[in-house]
Amino acid sequence: DAGVIQSPRHEVTEMGQEVTLRCKPISGHNSLFWYRQTMMRGLELLIYFNNNVPIDDSGMPEDRFSAKMPNASFSTLKIQPSEPRDSAVYFCASSFTSGRAAEQFFGPGTRLTVL
Amino acid sequence: AQSVSQHNHHVILSEAASLELGCNYSYGGTVNLFWYVQYPGQHLQLLLKYFSGDPLVKGIKGFEAEFIKSKFSFNLRKPSVQWSDTAEYFCAVNEGDDKIIFGKGTRLHILP
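Residues numbered from 1 in each chain as written. Chains lettered and ligands numbered in written order. Predicted model: local features only at pLDDT ≥ 70, side-chain atom pairs only at ≥ 80, totals over all residues. Heavy atoms only, no water.

A. Examining the pairing of strand 8 (residues 74-79) of chain A more closely. Residues and elements named next belong to chain A. Here five bridges tie strand 3 (residues 19-24) to strand 8, and the two strands are oriented antiparallel to one another. When the bridges of strand 8 are listed, Arg22 appears paired with Thr76. As paired strands, strand 7 (residues 65-71) and strand 8 are joined by five bridges and run antiparallel to one another. Across the sheet, the residue bridging to Ala67 is Leu77, located in strand 8. Connecting strand 7 to the next strand, strand 8, in antiparallel fashion are two residues. (Pairing = 2+ DSSP bridges. Helix = DSSP H or I, 4+ residues; strand = E, 2+ residues; numbered from the N terminus.)

So, in structure tokens, the structure goes:
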């Protein structure tokens, strides 16, 4: 199995531009999680999906952030417009949950720099 | 709300020293507990997990952790650290059925 796949691995953009991060979870997993990691705030859960349905988006910082999961094998996290304070590493993780929270498998992350 | 506390933000040890990283959680229900490791520039990887059974859990690379229910603790230990153990370590606990809450992490630096 290739594991969780994220793209791009690095993204440099200018303030105000739209950014789209992509994630392909491990086949067969039914939960998908988006995290943001910064030095100041550590690892923060932004949103998670179960069976393609958003369950908890309370960690999404503001309306500029949106996430979708159109099918079981693909998810996007979009920032529009982007701001310098959005610079961080964004991780996608997936797991198979069946009544109890299970081990999450993390992707390699997308390092986002907003100038 | 669920919370996870890692007492040490930054730990510096010499090679061959023994390691213990503290972790306390607040969840009062049935717990799943995890320790993840993040090597420099890499993503998080699972070190070990506890779901049920023997409270002393052995993981990869010589790490182990002990679940003490009465203390709401799940401390990570290793008897003799190596330079390659330099990394950030995250304790995590489930919140409900799907979500895992991560601690702030402990940065471990091993001196050669």
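From this point, things continue past the structure.
B. Summary view of the interface of chain A and chain B. On the side of chain B, 23 residues touch chain A, which itself brings 21 residues to the contact. In total, about 1800 Å² of surface goes out of reach between chain A and chain B, with carbon and sulfur atoms giving 52% of it. For the chain A face of the interface with chain B, the top three residues by lost area are Arg100, Ala101 and Glu103 of chain A, together amounting to 31%. At the junction of chain A with chain B, the criterion picks out two salt bridges. (Contact = heavy atoms within 4.5 Å. Buried area = accessible area lost by both parts, 1.4 Å probe. Salt bridge = Lys/Arg side-chain N within 4 Å of Asp/Glu carboxyl O.)

C. Structural context of the sheet that holds strand 3 of chain A. Residues and elements named next belong to chain A. The sheet built from four strands is open, its strands ordered 1-3-8-7 with antiparallel pairing. Each edge of the sheet is formed by a strand with only one pairing partner; in this case those strands are strand 1 (5-7) and strand 7. Each adjacent strand pair in this sheet contributes to an overall mean axis angle of 15 degrees, direction not counted. (Axes fitted to C-alpha atoms, helices over the stretch in contact; angles between N-to-C directions.)

D. Local environment of the pattern of salt bridges. Residues and elements named next belong to chain A. Counted by the stated rule, this structure contains 15 salt bridges over all chains. For Asp86, the salt bridge identified is with Arg64, shortest N-O distance 2.7 Å. Within this pair, whereas Asp86 is found in the loop between strand 8 and strand 9 (88-95), its partner Arg64 is found in the loop between strand 6 (53-56) and strand 7, the two being separated by 22 residues in sequence. Neither Asp86 nor Arg64 differs from the other in exposure class; each is buried. Between Arg85 and Glu83 there is a salt bridge, with its nearest N and O atoms 2.6 Å apart. Residue classification places Glu83 among the partly exposed positions, given a relative accessible area of 23%. Connected through salt bridges with shared partners, the residues Glu62, Arg64, Glu83, Arg85 and Asp86 form a single ionic network. (Buried < 20%, exposed > 50% of the residue type's maximum accessible area, 1.4 Å probe, protein only.)

E. The arrangement of the state of the cysteines in detail. Residues and elements named next belong to chain A. The tally for this structure, following the rule as stated, stands at two disulfides over all chains. Residue pairing for Cys23: its cysteine sulfur links by disulfide to Cys92, the two sulfurs lying 1.9 Å apart. Judged by the sign of its S-S torsion, about -65 degrees, the bond between Cys23 and Cys92 is left-handed. Residue Cys23 is found in strand 3, and its partner Cys92 is found in strand 9; the two are separated by 69 residues along the sequence. (Disulfide = S-S within 2.5 Å.)

F. Focus on the packing of aromatic side chains. All told, the structure shown has 14 aromatic pairs over all chains when counted by the stated rule. On the basis of an interplanar angle of 90 degrees and a centroid distance of 5.5 Å, the ring pair of Tyr35 of chain A and Phe102 of chain B is categorised as edge-to-face. Placement of the pair is Tyr35 of chain A in strand 4 (residues 31-38) and Phe102 of chain B in strand 11 (residues 99-102), with the two residues belonging to separate chains. An identical accessibility class is assigned to Tyr35 of chain A and Phe102 of chain B; each is buried. Both rings, one in Phe63 of chain B and one in Tyr89 of chain B, keep their centres 5.6 Å apart while their planes meet at 40 degrees; by these two values the pair is tilted. Of the two residues, Phe63 of chain B is situated in the loop between strand 7 (56-58) and strand 8 (64-68) and Tyr89 of chain B in strand 10 (residues 87-95); the sequence distance between them amounts to 26 residues. Among the residues examined, Tyr89 of chain B registers a relative accessible area of 0% and is labelled buried. Across from the ring centre of Phe51 of chain B, 5.4 Å away, lies the NZ or CZ of Lys49 of chain B, which sits over that ring. (Phe/Tyr/Trp six-rings, centres within 6.5 Å; stacked < 30°, edge-to-face > 60°. Lys NZ or Arg CZ within 6 Å of the ring centre and 35° of its normal.)

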